[in-house]
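As a plain string of letters, each chain reads:
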Amino acid sequence: MRPVPRVWRSSDDRWSIRCQPRVLGVVALLSLLLVLSAGVSLSMGSHPMTLSTMLQALIAPGDDPGIQLILFEIRLPRIVMGILVGAALGVSGLMLQGLVRNPLASPDVIGITSGASAAAVLSLWLGGTAVALVPAAMLGALTVASVIVALAWHRGVSPGRLVLVGIGLAAGLTSLTTLLLVLSPDTTAMMAYVWLTGSLYASRWQDVLGLAPWLALCLPLALAKARHLDIQAMGNDLAQGLGSAVQGHRLLFLLLSVALAGSAVAYAGALGFVGLMAPHLARRLVRAGHPGLLIITGLTGALIVLWADLIGRTGFVPRDLPAGIFVAGIGAPFFVFLLYRLRRQGR
């Protein structure tokens, strides 16, 4: 049986989890690294800026309208969007891996991302505008999740069936997306390809305000319930004996994962592998229960997307390449590495 973090009941029968100093240290370090990374990203681009220039723009906003436009209307919304998208995808992947007890699970694998992508491309194929991508992608993610639950339900949600059904649906939806791209006009196909790759290009404060409420709602709830993922790792019988509503929490975690991944994909496109890599990197940094891992995974996912977007934005000037290219460039070998490790461990 896999070791699980120390969990116990408090005197008033509510769950509590010991706060580990190492977790706090890693969270503080990653938070500092994220702030520094955001500062570097804010200063770099086709128009590089020094720290004094950025401070001057903060102190005296009216001195140079051009600097204000670049910093606060072009770069800063994109940076904030990258942080939110990375955190959402990372936490979504962590919950799915804990839910199905499979280290290879992620929103990409079980079909959530494929559902959002197929719905978004279908919207464009039907003549919808870029504005319609967001509601279409979220509707697609929720629809696929509902179908997965319906097909995987047999006296409750089985983790094994959940993965198998999700993989099958993902394959079918990927084929449908490819067919729609082939049948689409060139301009529509080009817009769809950029979105499917995953890009933060032209992110606006309106997009940030659209995505932020999803994280503000889902992340605190996921953090409050994350301890039940530790309990379910002990097995269904023991989890029920400890008072955890196994099926109810499985549905809750699945819903939260879909909401986070669907909203992130809706605004940033199909950024693959973030939900796979971030949880594993978080576990490498610290051994902790899911509440601590959830925070560290969110920060790790934010750093992955932020640096991938920075490389795409500054490494090939004047071209602005989608962040998804660089995430996939790291994520695909990482996936193969995980498969190799699992094979050597006999799992």
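That block above? That's the structure.
How each quantity is defined
- Residues numbered from 1 in each chain as written.
- Predicted model: local features only at pLDDT ≥ 70, side-chain atom pairs only at ≥ 80, totals over all residues.
- Heavy atoms only, no water.
- Helix = DSSP H or I, 4+ residues; strand = E, 2+ residues; numbered from the N terminus.
- Buried < 20%, exposed > 50% of the residue type's maximum accessible area, 1.4 Å probe, protein only.
- Contact = heavy atoms within 4.5 Å.
- Axes fitted to C-alpha atoms, helices over the stretch in contact; angles between N-to-C directions.
- Parallel < 35°, antiparallel > 145°, perpendicular 65-115°, else oblique.
- Left-handed = near helix turned anticlockwise from the far one by under 90°.
- Nonpolar A, V, L, I, M, F, W, Y, C, P; charged D, E, K, R; others polar.
- Phe/Tyr/Trp six-rings, centres within 6.5 Å; stacked < 30°, edge-to-face > 60°.
- Expected span 1.5 Å × (residues − 1).
- Salt bridge = Lys/Arg side-chain N within 4 Å of Asp/Glu carboxyl O.
- Patch = residues over 30% accessible without salt bridge, like charges linked within 9 Å, V, L, I, M, F, W, Y side chains within 5 Å.
- Areas by Shrake-Rupley, 256 points an atom, 1.4 Å probe, with all protein chains shown as cover.
- Core = buried A, V, L, I, M, F, W, Y, C linked by side-chain atoms within 4.5 Å.
- Arc of directions from axis to C-beta.

Here we come to the side chain of Ser257. Here Ser257 shows up in helix α11 (residues 246–268). Of the residues examined, Ser257 reaches a relative accessible area of 0% and is grouped as buried. Once residues lying within four places of it in the same chain are set aside, the contact partners of Ser257 are Ser92, Met95, Leu96 and Ile112.

Here the focus is the packing of helix α4 (residues 112–125) against helix α6 (residues 159–183). The contact between α4 and α6 brings their axes to 9 Å, and the two run at 20°. Taken as axis vectors, α4 and α6 run roughly parallel relative to one another. Pair α4 / α6 crosses with left-handed handedness. Where α4 approaches α6, its residues Ser114, Gly115, Ser117, Ala118, Val121, Leu122 and Trp125 are matched on the opposing element by Ala170, Leu173, Thr174, Thr177, Leu180, Leu181 and Leu183. Its residues placed into classes, the contact of α4 with α6 shows nine nonpolar, five polar and no charged.

Here the focus is the packing of aromatic side chains. Using the criterion set out here, one finds one aromatic pair in the structure. Considering the side-chain rings of Phe316 and Phe326, the 5.8 Å spacing of their centres and the 25° angle between planes classify their relative orientation as stacked. Taken together, the residues span a long stretch of sequence, with Phe316 in the loop between α13 (290–314) and α14 (323–344) and Phe326 in helix α14 at a distance of ten residues.

A few words now on unusual backbone geometry. With an omega dihedral of 10°, the bond running from Val317 to Pro318 counts as a cis peptide bond. With respect to the helices and strands, Pro318 occurs in the loop between α13 and α14. Positioned with a positive phi, Ala202 is a non-glycine residue whose angle comes to about 60°. When you line up the elements, Ala202 lands in the loop between α7 (186–197) and α8 (205–225). One non-glycine residue, Phe273, adopts positive backbone phi at about 75°.

The subject of this paragraph is α6. Taking 1.5 Å per residue, 25 residues should reach 36 Å; α6 reaches 36 Å between its end C-alpha atoms and fits that length. Within α6 the residues assigned to the buried category are Pro159, Leu162, Val163, Val165, Gly166, Ala170, Leu173, Thr177, Leu180 and Leu181. For α6, the secondary structure elements touched by its buried residues are α3 (65–100), α4, α5 (133–152), α7 and α11.

Take the pattern of salt bridges next. A pair can form between side chains of opposite charge whenever their charged atoms are brought close. This structure, assessed with the given rule, holds three salt bridges. The salt bridge partner of Arg78 is Asp320, with a shortest N-O separation of 2.8 Å. Of the two residues, Arg78 is situated in helix α3 and Asp320 in the loop between α13 and α14; the sequence distance between them amounts to 242 residues. A salt bridge links Asp207 to Arg204; its shortest N-O distance comes to 3.6 Å. Bridged by salt links that share partners, the residues Arg78, Asp309 and Asp320 form one connected network.

There is a patch of nonpolar side chains on the surface, built from Leu122, Trp125, Leu126, Leu176, Leu179, Val182 and Leu183 and spanning about 690 Å² of accessible area. Checked against the element boundaries, Leu176 lands in helix α6.

On to the nonpolar core. Judged by nonpolar contacts, the single largest core of 98 residues is most densely connected at Leu71, Val85, Leu89, Met95, Leu254, Leu271 and Ile296. Looking at which element gives the most residues to this core, the answer is α3, with 17 residues. Other than its neighbours up to four places away in sequence, Leu71 contacts Leu42, Met49, Met54, Ala57, Leu76 and Pro77.

To continue, consider the environment of Leu196. Along the chain, Leu196 turns up in helix α7. Distance from Leu196 to Pro322, taken between C-alpha atoms, is 9.7 Å for residues 126 residues apart in sequence.

For the rest of this paragraph, the subject is α7. Count 3.6 residues to each turn of an α-helix, and residues three or four apart come out pointing the same way. Between its terminal C-alpha atoms α7 stretches 16 Å, which fits the 16 Å expected from twelve residues at 1.5 Å a residue. Among all positions of α7, only Thr188, Ala189, Ala192, Trp195 and Leu196 are buried. End-on, the buried residues of α7 take up no more than an arc of 125°, which puts them together on one face. Turned more than 90 degrees away from the buried face of α7 sit Asp186, Thr187 and Met190, all of them exposed. Trailing α7 by a residue or two, Gly198 shows a phi angle of about 100°, which is positive.

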